[in-house]
Amino acid sequence: MTIHPSALVHPAAILASSVQVDAFAIIDENVELADGVHIASHVHVLPGCRLAKGVTVHDGSILGGMPQDRKFQGEASLLIIDENSVIREYVTLNRGTSASGCTKIGKSCLIMAYVHIGHDSHIGDGVTIANSVQIGGHVWIDDQVIVSGMTGIHQKTSIGCGAFIGGGLRVDRDIPPFSKALGEPLAWAGLNQAGLSRLGLTEECRKTLKHWFRNYFYSPNSLRNPGGENDLVEAWNRLAVNRGLSEVLGSNVSRYIQSFVNQSQRPWLRPRI
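Let us look at the structure shown here. Since the model is a prediction, treat every value here as computed from it, not as a measurement.

So, the sheet that holds strand S17 (residues 116–117)
Taken together, the 9 strands give an open sheet; going across it, the order is S2-S5-S8-S11-S14-S17-S20-S23-S26, and neighbouring strands pair in parallel fashion. Bordering the open sheet on either side are strand S2 (8–9) and strand S26 (170–171), each of which pairs with just one other strand. When strand S8 (residues 44–45) meets strand S11 (residues 62–65), the two strands line up parallel, connected through 2 bridges. Within the sheet, the bridge partner assigned to His 44 lies in S11 and is Ile 62.

Structure follows, in structure tokens:
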């Protein structure tokens, strides 16, 4: 364990033997830091933080701040950051409220400088959030999502696995898995082919997803009568449970689809027609 003499570490904090804490950092009580965690200068880790193995936090970040929520009554809650995630400079991550009990950042995430993530949000594994993205409370982002810089994400928004969101945008609708979200106002802009490749999906699987999306969004019936969000949910459910398609897509893709359907609370993103 390496702790700089100027760092303030509460005696009740739990630090593994290989933790490094740099100058002027503050580690409060009820904090747990696992092996290989590196806390850089002027970082403040507040009560309720749980940092897993290999997490790196760069200068000036504030972890586990009180939720910015009028309903918050000071109840005990957590901020959990999973293994090997990187938190860059001046990031603010608020802990949860009684609504869910925690804010969670997944494994191997990259949270770039000046990002804010609000209370009770869930960030999946392998997510990249670029500089100055602002995320409200109760936001759910699934695995392998990329959010470009300067984008704002409305509270209670859900973003499916493998999605890509452009920069400087306002996200106020749920974004289906594997999709690109671009333009102002925000619109569905096709499948995120790069994301599909990173997820290791087969060519047959990608063609199946492309066919389903285009058939739903651009068929003459959809253009004349787009229907409600329930129609889209039902269509996703049919895709997930259809035996032939499930065999092509595989269990992981079907699971990502079903997770998004279950989490969605806002209207779904649609193409610009």
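Next comes the rest of the write-up.
A short note on the nonpolar core
Within the largest apolar cluster, 63 residues are counted, with the highest numbers of intra-cluster contacts made by Ile 39, Leu 51, Leu 63 and Phe 178. Residue assignment for this core shows that the elements contributing at least two residues are strand S9 (49–51), strand S12 (78–81), strand S28 (187–191), helix H2 (203–218) and helix H5 (243–263). Top contributing element to this core by residue count: H2, with 6 residues.

A short note on unusual backbone geometry
A cis amide bond links Glu 184 to the next residue, Pro 185, at an omega of 0 degrees. Here Pro 185 lies in the loop between strand S27 (179–182) and S28. A positive phi angle, close to 60 degrees, is found at Gln 144, a residue other than glycine. Take Gln 144: it is sitting in the loop between strand S21 (140–141) and strand S22 (146–147). One non-glycine residue, Lys 156, lies in the positive phi region at around 65 degrees. Locating Lys 156 in the fold gives a position in the loop between strand S23 (152–153) and strand S24 (158–159).

Conventions and cut-offs
Residues numbered from 1 in each chain as written. Predicted model: local features only at pLDDT ≥ 70, side-chain atom pairs only at ≥ 80, totals over all residues. Heavy atoms only, no water. Pairing = 2+ DSSP bridges. Helix = DSSP H or I, 4+ residues; strand = E, 2+ residues; numbered from the N terminus. Core = buried A, V, L, I, M, F, W, Y, C linked by side-chain atoms within 4.5 Å. Buried < 20%, exposed > 50% of the residue type's maximum accessible area, 1.4 Å probe, protein only.

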